[in-house]
Amino acid sequence: MTNLKLSALEFIQEVQNGNISVEDYVADTIERIQKIDDRLHAFLSVNNDAIKQAQGIDKKIKSGEKIGTCFGMPISIKDNMCIKDSKTTCASKMLENFVAPYDATVITKLKQQDAIFIGKANMDEFAMGLTTEFSGYGPSSNPWNTDYVPGGSSGGSAVSVSAFECVASLGSDTGGSVRNPASFCSVVGYKPTYGLISRYGLISYANSIEQVGPLTRTVKDAAFMLNIVSGLDSNDNTTVDNKNQDYLTGIDSGIQGKKVGIIKEMIGEGTDPAVLSATKDAISKLERLGATCEETSLDMVKYSVAAYYTITATEAGSNLARYDNLRYGYDFSVEGYEFNSYIAKARRKFGPEVKRRMIIGGFVPSAGQAGKYFLKALKVKNKLTREVAELFKKFDLLVAPTVPILPFKKGEKIDDPVALFLVDINTITANLTGRPAISIPFAVSNGLPIGMQLLADSNQDKLLLQAAYALEQNVKLPEVPI
């Protein structure tokens, strides 16, 4: 059995040195998935051709052919990104038989670097959820304690990395959907500057704020993944030119002399005592690393959750309108034909959270209601963006716990949408303002992980990774028990 606990960069080094073969590593990874995933349910599907693909990469290595920078690294992909000729279900019964006709841009870039997609990861249906309990195919479990949620909506991605079922993963982050499960499962989760990574081939939820992001074991691995998947894309006009920046170069530069703002609204009432203690410890560590830390305020944070769910529900309502069973869907019998009853019957396979957001998304922008809800939400978004811009004139970085509470048991909050929504309060700001943010594993309390979040100004992803790496090097954590 090969060592499945390798980081991405360690895996590459071991393959380059001839210490492991890609075939053996991929075969052992699949064996581990078969052994433990019935308890975790990280995957919706596993790539049956993975070993054959690994054999092909081993042959290329032995023959001296040019090889991509991933060297056959097994990567899981959240099931809302298209891989050509593979099922892409968004964890929804509505798309249970949909086979993607093309590759997402991030998939194309990873294929060019000889990555192997080990499987499609479980998620909340259409990325709408915080716990992966809203998957149409059943919830995922936290590898630290399988009675607990792994976070969401990229829960399967986080579980697969944490439980050594892959080396790295790609998820999507609309309001914290990469960082939240990264925190709950004790892995690194990165949400880049809006536009840094192409969304072409990512099935849309809320176009104006969602981003693809990597989940990895280390900060360096996140920088490595970012090097591959970032940059301009002619298929996505929201992408920005990062000048082919190398995010690994200078990652160990440290944070001496940097100014860090502590967002007091993100460590206020309702923050778990263990999370608060971990935050104070993180601040002390940042100061010992040479940073200056000072408490600051983001007044609009208290309105951010309401604004976020108003905006995303409106965009989701528009995006989900296409699922009418005429272009996408499934077979069912119907007597006669009347459009409204047909659509109602076709959409019965949507889960409860998707239906809830579709209803909200139809109501808040409607005539007579848009001024009360949607336009006010946009005003909150704009004011929050201005507040953050002002803060970054004073600070280089902002710090807060990724999630104000510890992971909770499955079923504990599923019937309380408002309580679930509030779990996102610390992560939403980065999405509404387009700023980059990262969650790194920081502490474990009573066997449950705590993540710490750092934010930087737009296009300061390199600085953010440097700061996260510096903090990560001063954290020692136990191994996942599974």
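Read on for an overview of the structure.

Conventions we followed
- Residues numbered from 1 in each chain as written.
- Predicted model: local features only at pLDDT ≥ 70, side-chain atom pairs only at ≥ 80, totals over all residues.
- Heavy atoms only, no water.
- Helix = DSSP H or I, 4+ residues; strand = E, 2+ residues; numbered from the N terminus.
- Rg over C-alpha atoms; globule rule 2.2 N^0.38 Å.
- Buried < 20%, exposed > 50% of the residue type's maximum accessible area, 1.4 Å probe, protein only.
- Pairing = 2+ DSSP bridges.
- Axes fitted to C-alpha atoms, helices over the stretch in contact; angles between N-to-C directions.
- Phe/Tyr/Trp six-rings, centres within 6.5 Å; stacked < 30°, edge-to-face > 60°.
- Contact = heavy atoms within 4.5 Å.
- Expected span 1.5 Å × (residues − 1).

Scanning the protein chain from N- to C-terminus turns up 15 helices and 11 strands. In terms of overall size, the protein chain behaves like a compact globule, its C-alpha atoms giving a radius of gyration of 21 Å where 482 residues would be expected to give roughly 23 Å. With the C-alpha coordinates aligned to their principal axes, the bounding extent of the protein chain is approximately 65 × 55 × 45 Å. Counting every position in the protein chain, which comprises 482 residues, the buried fraction comes to 60%.

Before going further, it helps to spend a moment on the sheet that holds strand β2 (residues 74-78). Pairing within the open sheet is mixed, and its 11 strands lie in the order β1-β3-β2-β4-β6-β5-β10-β11-β9-β7-β8. Only two strands of the sheet have a single neighbouring strand rather than two, namely β1 (43-46) and β8 (292-296). The sheet shows a mean angle of 30° between the axes of neighbouring strands, taken without regard to direction. Where strand β4 (residues 168-173) lies against strand β6 (residues 211-216), five bridges are found, and the strand directions are antiparallel. Residue pairing in the sheet places Ser-172 in a bridge with Val-212 of β6.

So, about the packing of aromatic side chains. Scanning the model with the defined rule gives nine aromatic pairs in all. Look at Phe-126 and Phe-350: their rings are 5.9 Å apart centre to centre, the planes differ by 65°, and that puts the pair in the edge-to-face class. Residue Phe-126 is located in the loop between β3 (116-121) and α5 (155-162), and its partner Phe-350 is located in the loop between α10 (339-346) and α11 (352-363); the two are separated by 224 residues in the primary sequence. By relative accessible area, which is 3% here, Phe-126 ends up buried. Between Tyr-308 and Tyr-309, the ring centres sit 4.7 Å apart and the planes meet at 85°, which makes this aromatic pair edge-to-face. Both residues of the pair, Tyr-308 and Tyr-309, count as buried. An aromatic cluster of at least three residues, connected via ring pairs, comprises Phe-126, Tyr-323 and Phe-350.

With respect to the secondary-structure elements, Thr-105 resides in helix α4 (residues 105-112). Judged by its relative accessible area of 9%, Thr-105 is buried. Ignoring any residue separated from it by four or fewer positions in sequence, one finds Thr-105 in contact with Ser-198, Tyr-200, Asp-233 and Asn-235.

On to the environment of Val-188, then. Turning to its location among the elements, Val-188 is positioned in strand β5 (residues 188-191). Val-188 gets classed as buried once you look at its relative accessible area, which sits at 0%. Beyond its immediate sequence surroundings of up to four residues, Val-188 is in contact with Ala-182, Pro-214, Leu-215, Thr-216, Arg-217, Thr-218, Val-219, Ala-222, Ile-438, Ser-439, Pro-441 and Glu-472.

This brings us to helix α15 (residues 461-472). Its 12 residues give α15 an end-to-end C-alpha distance of 16 Å, which sits within 8% of 16 Å, the value for a rise of 1.5 Å per residue. With 12 of 12 residues buried, α15 is to be regarded as a mostly interior element. Among all positions in α15, only Asp-461, Lys-462, Leu-463, Leu-464, Leu-465, Gln-466, Ala-467, Ala-468, Tyr-469, Ala-470, Leu-471 and Glu-472 are buried. Buried residues along α15 sit against β5, α7 (219-229), α8 (273-288), β9 (397-401), β10 (437-445) and β11 (448-456).

Glancing now at unusual backbone geometry. At the junction of Gly-152 and Ser-153, the peptide bond is cis and its omega measures out at 10° in the coordinates. For Ser-153, the position within the fold is in the loop between β3 and α5. A positive phi is found at Asp-114, a non-glycine position, where the angle reads about 60°. Note on placement: Asp-114 falls in the loop between α4 and β3. Residue Asp-114 is classed as buried on the basis of its relative accessible area, which comes to 13%. With a phi close to 55°, Asn-446 is a non-glycine residue in the positive phi region. By secondary structure assignment, the location of Asn-446 is in the loop between β10 and β11. You can call Asn-446 exposed: its relative accessible area is 77%.

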